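Here is how the chains run, residue by residue.
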Amino acid sequence: MPGQGGRLRASKHEDRRMKIVDIKAFPTSFPLPPNSGPRLGIGQAVKRDAVMVKVITEDGIVGWGESHHGRAHTAIAKLLETTLKQLVLGMDAFDTTGIWARIYKYQLASHGMGAATAMAMSGLDMALWDAKGKALNLPLYKLLGGSARPMPAYAGGVALGYQPPSQLIDEAAPHMEAGYKAVKLRVGDTVRDDIARMEAVRDAFGHELEILTDANIGYNIAQVRQVMPEMDRLNIGWLEEPFPAHDHRSYAEAHGFGSTPLAAGENHFTRFEFTRVLEDDVIRIWQPDLSKCGGVTETMRIAAMASGFKIPIHPHSSMTGVNQAASIHLLAAIDNGGYFEADVSRANKFRDELGSEPWRIGKDGCVRPLEAPGIGVEVDEAFLKAHPAIEGPGYV
């Protein structure tokens, strides 16, 4: 009978499990030539770090994710391969909600390494979703309930050296020609020079270009008071992270300096920290990072919470193409998705050499999710072997 057949098929599906048999973490680095790395509000970059997470199931399915390095990539990797691995080994890889809850209960909720745990579990969770997609032969965006629609992208990683305005125009021009309709500039240098760069880009590319800015915590209250009226005049889309994530008082004060929206979120961990952001109601652009805030599982929860208050989600991209491709899948599956942060920084081996192509910009200024099962990026383990961890700070 049809009804019985339906029950039988459901029973077989319910019985399917995908036992986790191993978890491996790969801290990886590549050096930057002297004085060639980006100079941000937090210092001069001297190397690039990442942590790749590999989940292996008993039937041989492999999932990959990225944990943010937290400027302590070997420590994040060690946490993954010891404490977190012991907590979840043998669990069902399909049970991402249960795995998240177990790590939260035994490691994150009670004096358990805090932000480090959030970053470590983010890569693990991402790898589990990759494995689920491969097991079911579905791309991640379909698993999350999305569609292969175009998502607008902005060119990120521009003005990383605080260039003179003419050099900044030369750097930005190829990205505009490639199709980008939005660009993010680095500010947090001096107010005078920041304004000159924003004016130069506006004059060169006109008002059709969306200009976004990121201070990388390089401003203080007095500087934001000075720069905000000029950002309003130049129609800047947002001012990102003028202050550290936990400096709630400064964000509240700066909120009244102008109409340019304040943006943050890449350094807020889990929905519980975003709850405070929601209550403060001064940061109206949210930027959770799938490799920091708790993975795909937690970012979907954060996006749902934001959706109820008409707050857009513009995910912050981490180092590798795995995170970037996963971010596009997530944007394709939420109703309040904004820009994809396309990392166009020069010579990013983690984007260009670690795995297969993670995304491609279209002439419409949009990206689309990959159609291969899971996240869709094939990781080259030979690259990880050839680029072992370099100890020490990433910025000086």
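How each quantity is defined
- Residues numbered from 1 in each chain as written.
- Predicted model: local features only at pLDDT ≥ 70, side-chain atom pairs only at ≥ 80, totals over all residues.
- Heavy atoms only, no water.
- Phe/Tyr/Trp six-rings, centres within 6.5 Å; stacked < 30°, edge-to-face > 60°.
- Axes fitted to C-alpha atoms, helices over the stretch in contact; angles between N-to-C directions.
- Helix = DSSP H or I, 4+ residues; strand = E, 2+ residues; numbered from the N terminus.
- Parallel < 35°, antiparallel > 145°, perpendicular 65-115°, else oblique.
- Contact = heavy atoms within 4.5 Å.
- Nonpolar A, V, L, I, M, F, W, Y, C, P; charged D, E, K, R; others polar.
- Pairing = 2+ DSSP bridges.
- pLDDT = per-residue confidence, 0-100.
- Expected span 1.5 Å × (residues − 1).
- Bend = angle between axes of the 7 residues up to and from the residue.
- Buried < 20%, exposed > 50% of the residue type's maximum accessible area, 1.4 Å probe, protein only.
- Left-handed = near helix turned anticlockwise from the far one by under 90°.
- Right-handed = clockwise from strand over helix to strand, strands pointing away.
- Salt bridge = Lys/Arg side-chain N within 4 Å of Asp/Glu carboxyl O.
- Core = buried A, V, L, I, M, F, W, Y, C linked by side-chain atoms within 4.5 Å.

Trainee: Where do I start with the packing of aromatic side chains in this structure?
Mentor: Two aromatic rings, taken as a pair, are described by how far apart their centres are and by the angle between their planes. For the structure on display, the rule yields 10 aromatic pairs. Arranged with centres 5.2 Å apart and planes meeting at 85 degrees, the rings of phenylalanine 243 and tyrosine 251 form a pair that is edge-to-face. In this structure an aromatic cluster arises from ring pairing among Phe30, Phe350 and Phe383.

Trainee: Sorry, what's going on with the packing of helix H2 (residues 73–88) against helix H4 (residues 115–136) here?
Mentor: Packed helices, taken two at a time, are described by the angle their axes make and the gap between the axes. Interhelical geometry of H2 versus H4 gives an angle of 70 degrees and a closest axis separation of 10 Å. The pairing of H2 with H4 is recorded here as roughly perpendicular in orientation. Between H2 and H4, the contacting residues are Ile76, Leu79, Leu80, Leu84 and Val88 on the first element and Ala116, Thr117, Met119, Ala120, Met121 and Leu124 on the second. Looking at the contact of H2 with H4 residue by residue, the classes come out as 10 nonpolar, one polar and no charged.

Trainee: Sorry, what's going on with the sheet that holds strand S1 (residues 20–31) here?
Mentor: Where strands meet in a sheet, backbone hydrogen bonds hold them as pairs that are either parallel or antiparallel. Reading across the sheet, the three strands line up as S1-S4-S5 and stay open at both edges, with antiparallel pairing between neighbours. Edge positions in the sheet fall to S1 and strand S5 (62–67), since each has one partner strand and no second. Each neighbouring strand pair of the sheet contributes to a mean axis angle of 20 degrees, computed without reference to strand direction. In this structure, S1 lies alongside strand S4 (residues 47–57), joined through 11 bridges in antiparallel fashion. Bridged to phenylalanine 26 within S4 is methionine 52.

Trainee: I'm lost on the confidence of the model for the protein in this one. Help?
Mentor: A low pLDDT score tells you not to read the predicted coordinates there in detail. In the predicted model, the protein carries a mean pLDDT of 93, and the fraction of residues at 70 or more is 94%. Low pLDDT (under 50) marks residues 1–13, which in the prediction has zero contacts with non-local residues, meaning those over four places away or in another chain.

Trainee: Would you mind going over helix H6 (residues 165–178) with me for this structure?
Mentor: With 14 residues, H6 extends 20 Å from end C-alpha to end C-alpha; this agrees with the ideal 20 Å at 1.5 Å per step. Bending of H6 peaks at approximately 30 degrees at the position of alanine 172, with proline proline 174 no more than four residues after it. Buried within H6 are the following residues: Leu168, Ile169, Glu171, Ala172, His175 and Met176. Of the surrounding elements, those touching the buried residues of H6 are strand S6 (151–158), strand S7 (182–186) and helix H7 (191–205). Directly beyond the C-terminal end of H6, a positive phi value near 130 degrees is found at glycine 179.

Trainee: Please explain the packing of H7 against helix H8 (residues 221–233) as it appears in this structure.
Mentor: Packing of H7 against H8 brings their axes to within 10 Å, and their N-to-C directions diverge by 15 degrees. Compared by their axis directions, H7 and H8 come out roughly parallel. Pair H7 / H8 crosses with right-handed handedness. Contact with H7, carried on its side by Val191, Ile195, Met198 and Glu199, involves Gln223, Gln226, Val227, Glu230, Met231 and Arg233 of H8 and no other residues of that element. Its residues assigned to classes, the contact of H7 with H8 shows five nonpolar, two polar and three charged.

Trainee: Looking at this model, I keep getting lost on the pairing of S6. Mind explaining?
Mentor: Two faces make up the sheet, and in a regular strand the side chains alternate between them. S6 sits mainly inside the fold: seven of its eight residues count as buried. Where S6 and strand S13 (residues 366–367) come together, two bridges link them in antiparallel fashion. Considered in S13, the bridge of proline 152 is made with cysteine 366. Here four bridges tie S6 to strand S12 (residues 340–343), and the two strands are oriented parallel to one another. Bridge pairing in S12 places alanine 155 opposite alanine 342. Note: S6 against S7, two bridges, orientation parallel. Paired with alanine 155 across the two strands is valine 183, which belongs to S7. At this point the chain moves from S6, through H6, to the parallel S7, and the crossover so formed is right-handed.

Trainee: Would you mind showing me how to read the pattern of salt bridges here?
Mentor: Pairing is possible between side chains that carry opposite charge, provided their charged atoms lie close to one another. This model, assessed by the stated rule, comprises 26 salt bridges. Across the pair lysine 47 and aspartate 49 runs a salt bridge whose closest N-O atoms are separated by 3.1 Å. When its relative accessible area of 7% is taken as the criterion, lysine 47 is described as buried. For aspartate 49, a relative accessible area of 4% translates into the label buried.

Trainee: Sorry, what's going on with the nonpolar core here?
Mentor: Note on soluble globular proteins: their nonpolar side chains tend to be buried together. Formed by 87 residues in total, the largest nonpolar core has its most connected members in Val158, Tyr180, Val183, Met198, Leu239 and Trp286. When sequence neighbours within four positions are dropped, the list of residues in contact with leucine 239 reads Val187, Thr213, Ala215, Tyr219, Val224, Met228, Met231, Thr260, Pro261, Leu262 and Ala263. Grouped together as the second largest cluster of nonpolar side chains are 32 residues, Leu79, Ala118, Leu124 and Ala127 included.

Trainee: Would you mind going over the environment of lysine 349 with me for this structure?
Mentor: You can see lysine 349 is positioned in helix H13 (residues 349–352). With 260 residues separating them in the primary sequence, lysine 349 and leucine 89 have C-alpha atoms 31 Å apart. In this structure, lysine 349 is in contact with Phe30, Leu354, Phe383 and His387, ignoring residues within four places of it in sequence.

Trainee: Help me out: how do you make sense of the environment of glutamate 241 in this one?
Mentor: Structurally, glutamate 241 is set in the loop between strand S9 (239–240) and helix H9 (248–254). Considering only alpha carbons, one finds glutamate 241 and alanine 263, 22 residues apart in sequence, at a separation of 6.2 Å.

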